[in-house]
Amino acid sequence: MAYLYNEPSRTFNEYLLVPNLTKKDSVPDNVSLKTPIVRYKKGEQCPLSTNIPLVSAIMQSVSDSNMAIALARCGGLSFVFVSQPIEQQAEMVRKVKKYKAGFVVSDSCLKPDQTLKDVLNLKARTGHSTIAVTEDGSSTGKLLGLIASRDYRLSRTPLDKKISEFMTPFSSLIYGTEGITLSEANDMIWDHKLNSLPIVNKDQLLVYMVFRKDYDAHKENPLELLDQSKRLVVGAGINTRDYKERVPALVKAGADVLCIDSSDGYSEWQKDTIQWIKQEYNGEVKVGAGNVVDKEGFLYLVNAGADFVKVGIGGGSICITREQKGIGRGQATSVIEVAKARNEYFKETGIYVPICSDGGIVHDYHMTLALAMGADFIMLGRYFARFDESPTRRLKMGSSYVKEYWGEGSNRARNWERYDTGGEERLEFEEGVDSYVPYAGSLKDNVDIAISKMKSTMCNCGAVTIEEFQKTARLTLVSSTSIIEGGAHDVILKES
Ligand code: RVP
């Protein structure tokens, strides 16, 4: 007879945190949300941590290079989606690694024989008033001059006047040379009262522009997640089919961590994939695996060498795996059981293998619950899909805006490798839907709010680190009646 669990499996909405004593030093400013991403030995430093416990889902509609840049700048990490050609995915990784905060590849360049009219047209198109004048009009051509608004007077300068006649020529420009640090570039901007500083290489070819206005933006991102060479950190998804070609391309492109993307990770395919990577790269390439929902799945992947384990089946907002196949488990129960297994494994072996709660976050406070239940970090799809930085279209629906969001198991994504059980190379039936989510603005604005809620709750619970929070948090199940009590009730709400 089949094994029957005694308890029903539960989800985040069924739990609340009970406050602990808030000490006087448990204030949000003292809370650190730094969290380990990959396995490490007791007493040693984790080789890869994030500054906030949020990572973006391995999905076409969520994690491209734009998302990865925006999230790493806030201290989190994206896993660039795998359901695309290898070279295209590697290019996205390269784009993130090439990104230098504050150093911008100019999108406004013209040639010296173009005219003021071209300047005005370009300005209208890009909204940028500083234009680099290069020999061939490209963003990497030989820099011959700069044009800013102060170089012409609309009422006096004829529209057909050649750029070369009114630009500030290279000989009069203050510029930086390639290799300059951002803080040196900013010092030059301040010392010479500039609005922008072009950076050229030894052949006078334009490399970047540094703008005064970006200085403040950089200061606003103190949690930015950087590698040892000060490049943004980025992850990438892989599958258990083409990993022998995909992994080398991603590693070469600079991916800092990989993750096998699968709806059900308790499989020999995953073991083979992890072991191949570990052998091929002498254990140096970090790879997470999953998804699992129990102790057995966790231990299997950990023993295969996984650097972290992802938890969750069927709880994703766009996921219909439970309806289609009848497999899955409540997300809260899964995280609690796997976290217990991780702690036991740590006690027995002295090796800590972080776990990631993947999917099913509806409210911001669910993130905090997931941490209290033992998750080291949290993967979100729907949450990030709503922001400006997600790769999907924004549409107007009635009086509000929405963004598209589709599952990897939908006919739109056709990521058959994610649902592969060794059969034919195709998606036999859908396990995900194609949908819209309410548009919510910029990633940074939303993440800042979620992080301050998280910190505030941790203070209520008397914890200033995630590790302390996991150890001391107290969770209570709530009855369905008390769930109703949780929202505004018995009042007539004013229209907002
Ligand atoms: P959510 O944040 O609730 O939108 O869930 C995102 C997660 O859902 C992903 O990280 C992935 O594990 C899962 N997913 C992605 N596609 C599908 C599907 O088509 N069923 N599910």
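To keep things clear, this report deals only with the structure shown in the data block. (Residues numbered from 1 in each chain as written. Predicted model: local features only at pLDDT ≥ 70, side-chain atom pairs only at ≥ 80, totals over all residues. Heavy atoms only, no water.)

## Some details on the packing of helix α8 (residues 268-280) against helix α9 (residues 295-304)
Stage number 1. The N-to-C vectors of α8 and α9 enclose an angle of 25°; their axes lie 9 Å apart at closest approach. When the interaxial angle is binned, α8 and α9 end up roughly parallel. Considering only the axes of α8 and α9, their crossing is right-handed. Of the residues in α9, those touching α8 at Glu268, Gln270, Lys271, Ile274 and Gln275 are Tyr300, Leu301 and Ala304.
Stage number 2. Of the residues belonging to the contact of α8 with α9, the class tally is four nonpolar, two polar and two charged. (Axes fitted to C-alpha atoms, helices over the stretch in contact; angles between N-to-C directions. Helix = DSSP H or I, 4+ residues; strand = E, 2+ residues; numbered from the N terminus. Parallel < 35°, antiparallel > 145°, perpendicular 65-115°, else oblique. Left-handed = near helix turned anticlockwise from the far one by under 90°. Contact = heavy atoms within 4.5 Å. Nonpolar A, V, L, I, M, F, W, Y, C, P; charged D, E, K, R; others polar.)

## Some remarks on the pattern of salt bridges
Stage number 1. According to the stated counting rule, one finds 26 salt bridges in the structure shown.
Stage number 2. The residue Arg94 makes a salt bridge to Glu91 at a minimum N-O spacing of 3.0 Å. Here Arg94 pairs with Glu91, and both are found in helix α2 (residues 86-98), just three residues apart, close to one helical turn.
Stage number 3. On the basis of relative accessibility, which here comes to 37%, the residue Glu91 falls in the partly exposed class.
Stage number 4. Where Arg342 meets Asp376, a salt bridge forms, and the shortest distance between an N and an O atom there is 2.6 Å. Taken together, the residues Arg342 in helix α11 (residues 331-349) and Asp376 in the loop between α12 (364-372) and β21 (377-380) connect sequence positions 34 residues apart. Judged on exposure class, the residue Arg342 and its partner Asp376 are both buried.
Stage number 5. Taken together, the salt bridges that share partners define one network made up of Lys97, Asp227, Arg231 and Asp256. (Salt bridge = Lys/Arg side-chain N within 4 Å of Asp/Glu carboxyl O. Buried < 20%, exposed > 50% of the residue type's maximum accessible area, 1.4 Å probe, protein only.)

## Brief notes about the packing of aromatic side chains
Stage number 1. This structure, assessed with the given rule, holds 14 aromatic pairs.
Stage number 2. Between the aromatic rings of Phe79 and Phe308, the centroid separation amounts to 6.0 Å while the plane-to-plane angle is 50°, which identifies the pairing as tilted. Within this pair, whereas Phe79 is found in strand β6 (residues 77-80), its partner Phe308 is found in strand β18 (residues 308-311), the two being separated by 229 residues in sequence.
Stage number 3. The buried category is assigned to Phe79, whose relative accessible area is 0%.
Stage number 4. Look at Phe308 and you get buried, because its relative accessible area is 0%.
Stage number 5. Taken together, a centroid distance of 5.1 Å and an interplanar angle of 80° make the contact between Tyr383 and Phe387 edge-to-face.
Stage number 6. By relative accessible area, Tyr383 is classed as buried at 3%. (Phe/Tyr/Trp six-rings, centres within 6.5 Å; stacked < 30°, edge-to-face > 60°.)

## Looking at the side chain of Gln60
Stage number 1. With respect to the helices and strands, Gln60 occurs in the loop between β5 (54-56) and α1 (65-73).
Stage number 2. For Gln60, the side chain forms a polar contact with the side chain of Ser83, separated by 3.0 Å.
Stage number 3. When residues no more than four places from it in sequence are discounted, the contact partners of Gln60 are Phe81, Ser83, Pro391, Trp406, Glu408, Arg412 and Ala413. (Polar contact = N/O pair within 3.5 Å; in protein donor to acceptor, adjacent residues only side chain to side chain.)

## Observations regarding the side chain of Thr130
Stage number 1. Note that Thr130 resides in the loop between α3 (116-126) and β9 (131-134).
Stage number 2. Apart from the residues within four sequence positions on either side, Thr130 is in contact with Ser108, Leu146, Ile147, Ser196, Met209 and Phe211.

## Description of the site of the ligand
Stage number 1. Looking at the ligand, there are 23 residues lining it, with Ser317, Asp358, Tyr405, Gly409 and Glu431 nearest.
Stage number 2. Ser317 places a polar side-chain atom, nitrogen or oxygen, 2.6 Å from an oxygen atom of the ligand.
Stage number 3. Burial of the ligand by the surrounding chains reaches 96%, relative to a free accessible area of 490 Å².
Stage number 4. When the residues that make up the shell around the ligand are grouped by side-chain class, the tally is eight nonpolar, 10 polar and five charged. (Near = heavy atom within 4 Å. Areas by Shrake-Rupley, 256 points an atom, 1.4 Å probe, with all protein chains shown as cover.)

## Points about the sheet that holds strand β17 (residues 287-292)
Stage number 1. The eight strands are arranged β5-β6-β15-β16-β17-β18-β20-β21 in a closed barrel whose pairing can be described as parallel. Taking each pair of neighbouring strands and ignoring which way they run, the sheet shows an average axis angle of 30°. (Pairing = 2+ DSSP bridges.)

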